[in-house]
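Here is how the chains run, residue by residue.
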2 protein chains.
Amino acid sequence: MPKLKISKRKREILNAAAVLFRYKGYAATSMRDLAEKVGLEVSSLYSHIKSKEEILITLCFHCANLYSDGLNQITEMDTNAMQKIDAIIDLHINIAIDHPSSITVFNDEWKHLSSEDLSRFLKMRKSYEKGIKSVLQEGINNSLLKDYPLDMLLNTMLSAMRWIHYIKNDINQLDRIKTQEVVKTILFAGIVNNKKR
Amino acid sequence: MPKLKISKRKREILNAAAVLFRYKGYAATSMRDLAEKVGLEVSSLYSHIKSKEEILITLCFHCANLYSDGLNQITEMDTNAMQKIDAIIDLHINIAIDHPSSITVFNDEWKHLSSEDLSRFLKMRKSYEKGIKSVLQEGINNSLLKDYPLDMLLNTMLSAMRWIHYIKNDINQLDRIKTQEVVKTILFAGIVNNKKR
DNA sequence: CCTACCGATCGGTAGG
DNA sequence: CCTACCGATCGGTAGG
């Protein structure tokens, strides 16, 4: 596991790439686009990065780690399923607001990863979903959640938050707390077993 | 408004393109890929289509029309806001199940439209969202819906269904009715004003 | 970090 | 619908 240090310049390049990939897509973004954005000649980029794909790999797995680290902390908490789901929703909303560009890359551009990286990525996603599903299952077992098919519950819940990172930056003073509150209320009133309330 | 007739061959090409764009993305799909898929030489494609972008335009606006025609029928119905939202959810789920490939293109690849087509597309989307928002507003006014910010209500509701078209084809015998039922229950119990129930 | 450059691939056309 | 072909652009390298 390298990645001990990332130079300031490299971070600049990664950030610029995230923004470009977000709006143009990975395949439609050229290294010329990226070079221009950071004020370098194309060839100079390769002093800092190995390849275009290395950038994609870095961005995708950076986000993957944000999610899986977050989930690990949550599952270790000594709380019930409802509170864990509460925390999972906070996690997703916070990541979406704090990293809108790289989250878009993570969501929409991972398919351009190749072979080993792609399968590693899909494995991480599978395991992340498995982690959430077991929280959901715990909630169902304790009658805290309605007994719906886990897949539908998971997909609906996670999809329902997949618009926050599209909010334009100039509306960025959007109230994080308000978003969490409203989204949570919408989701919870739908997921929670009313008999228990 | 042309498009009176689309030859069988052209339809084949459009369908193959939708599938390729879905899995590889528009920019990463080459006309060579497409030609191979339909069993033609690259240059022969151009007897049926004008350009790569024409394909994207056709696919995007085909879907856009499915949604806006559907919404128009719904808003003309003589029903209350709740029933209209019910119908809107059905519309989205049905389109997602019936046109999984082109809906993915519609959702993820519209950004590759250029200038006039892009702005026409965004205008249609804006107007579609406006139509749904006025249904939501009507529901709020009649105390059928919780009084949340319209944008959050709209985005959460539409996003919550944006996973259905990713269901793999080999699970295609997934029960449409069951999906509608579960998604609707999850969404409704969250959106509906409980004081009214 | 730049100049100079390369092979591969791209969308698309001419002409039949 | 195909053969033959083209200019443009791609990601990336050599060498300093």
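Residues numbered from 1 in each chain as written. Chains lettered and ligands numbered in written order. Predicted model: local features only at pLDDT ≥ 70, side-chain atom pairs only at ≥ 80, totals over all residues. Heavy atoms only, no water.

## A word on the overall build of chain A
For clarity, the cut-off: Helix numbering and strand numbering both begin at the N terminus, where a helix is a DSSP run of H or I of at least 4 residues and a strand a DSSP run of E of at least 2. Here the term buried applies to any residue with accessible area under 20% of the maximum for its type, exposed to any over 50%, and partly exposed to those in between, with areas from a 1.4 Å probe on protein chains only. Contacts are residue-level and defined by heavy atoms, with any inter-residue pair within 4.5 Å sufficient. A 1.4 Å probe and the Shrake-Rupley method give the accessible areas. Residues count as covered only by the protein chains that appear here.
The number of helices and strands found in chain A is nine helices and zero strands. Structurally, chain A occupies a C-alpha span of about 65 × 35 × 30 Å along its principal axes. The buried share of chain A, reckoned over its 197 residues, is 50%. Across chain A, the fraction of contacts at a sequence separation of at least 24, relative to all contacts at a separation of at least 6, is 72%. Approximately 10200 Å² of chain A is accessible, and the part contributed by carbon and sulfur atoms is 51%.

## Topic: the packing of helix H7 (residues 115-141) of chain A against helix H8 (residues 150-159) of chain A
All names here are of chain A. The condition that has to hold: For every element, the axis is a line fit to its C-alpha atoms; helices are fit only across the contacting stretch, and the angle between N-to-C directions ranges from 0 to 180 degrees. Our angle categories are set so that under 35 degrees counts as roughly parallel, over 145 as roughly antiparallel, 65 to 115 as roughly perpendicular, and the remainder as oblique. The crossing is said to be left-handed when, going from far helix to near helix, the turn is anticlockwise and less than a right angle, and right-handed when the turn is clockwise. For this scheme, ten residues count as nonpolar: Ala, Val, Leu, Ile, Met, Phe, Trp, Tyr, Cys and Pro. Four count as charged, namely Asp, Glu, Lys and Arg, and the remainder, Gly too, count as polar.
Their axes nearest at 10 Å, the elements H7 and H8 cross at an angle of 115 degrees. Judged on the interaxial angle alone, H8 and H7 are roughly perpendicular. Handedness of the H7/H8 crossing: right-handed. In this structure, H7 contributes Glu129, Ile132, Lys133, Leu136, Gln137 and Ile140 to the contact, and H8 contributes Leu150, Asp151, Leu153, Leu154, Met157 and Leu158. Split by residue class, the contact of H7 with H8 holds eight nonpolar, one polar and three charged.

## Notes on the interface of chain B and chain A
What counts is decided by this rule: Buried area adds together the accessible area that both of two parts lose upon being put together, with accessible area traced by a 1.4 Å probe. Here, a salt bridge means any Lys or Arg side-chain nitrogen found within 4 Å of an Asp or Glu carboxyl oxygen. Throughout this description, a polar contact denotes any pair of N or O atoms lying within 3.5 Å of each other; where both atoms belong to protein, one of them has to be capable of donating a hydrogen while the other can accept it, and for residues adjacent in sequence the pair is counted only when both atoms sit in side chains.
Opposite the 29 residues of chain B that make contact, chain A presents 28 residues. In this assembly, chain B packs against chain A so that about 2500 Å² is buried in total across both faces, 69% of it on carbon and sulfur atoms. Looking only at chain B, the three residues that lose the most surface to chain A are B:Met152, B:Trp163 and B:Ile186, adding up to 25% of its buried area. Connecting chain B to chain A are zero salt bridges. Connecting chain B to chain A are two residue pairs in polar contact (both at pLDDT 80 or more). Element by element, the count of residues in the side of chain B that touches chain A is highest for helix H9 (residues 176-191) of chain B, at nine residues. Here the side of chain B that touches chain A is composed, by residue class, of 14 nonpolar, eight polar and seven charged.

## Brief notes about the relation of the copies chain B and chain A
The criterion, for reference: Copy-to-copy superposition: least squares on the C-alpha atoms, limited to residues that have pLDDT of at least 70 in both copies.
Of the transformation superimposing chain B on chain A, the axial component is 0.0 Å and the angular component is 180 degrees, with the fit at an RMSD of 0.0 Å. On this basis, the relationship between the two copies can be described by a two-fold rotation axis. Interface overlap between copies is the fraction of interface residues in one copy that are interface residues in the other; for chain B against chain A it reaches 97%, indicating a shared surface.

## Digging into the protein's contact with DNA strand D
To be explicit about the condition: It suffices for a single heavy atom of a residue to lie within 4 Å of a molecule or strand for the residue to be listed as near it.
A:Arg32, A:Lys52, B:Ser43, B:Ser44 and B:Ser47 are the nearest of the 15 residues found near DNA strand D. Each atom of DNA strand D within 4 Å of the protein was assigned to sugar, phosphate or base; sugar and phosphate come to 47%. One of the side-chain N or O atoms of B:Ser43 is found 2.8 Å from a base oxygen in DNA strand D. Between DNA strand D and the protein, one listed contact pairs a base nitrogen with a side-chain N or O atom of B:Ser47 at 3.4 Å. Going through the elements one at a time, helix H2 (31-38) of chain A together with helix H3 (42-45) of chain B are the ones with two or more residues in the surface near DNA strand D. A class-by-class count of the residues in the surface near DNA strand D yields three nonpolar, eight polar and four charged.

## Description of the protein's contact with DNA strand C
Lining the immediate environment of DNA strand C, one finds 15 residues, of which A:Ser44, A:Ser47, B:Met31, B:Arg32 and B:Lys52 sit closest. Restricting the count to atoms of DNA strand C within 4 Å of the protein gives a sugar and phosphate share of 49%. Within the side chain of A:Arg9, an N or O atom sits 3.0 Å from a phosphate oxygen of DNA strand C. A:His48 places a side-chain nitrogen or oxygen 3.5 Å from a phosphate oxygen of DNA strand C. Mapped by element, the contributors of at least two residues to the surface near DNA strand C are helix H3 (42-45) of chain A together with helix H2 (31-38) of chain B. Broken down by class, the residue content of the surface near DNA strand C amounts to three nonpolar, eight polar and four charged.

Keep in mind these numbers describe shape, not what the thing actually does.
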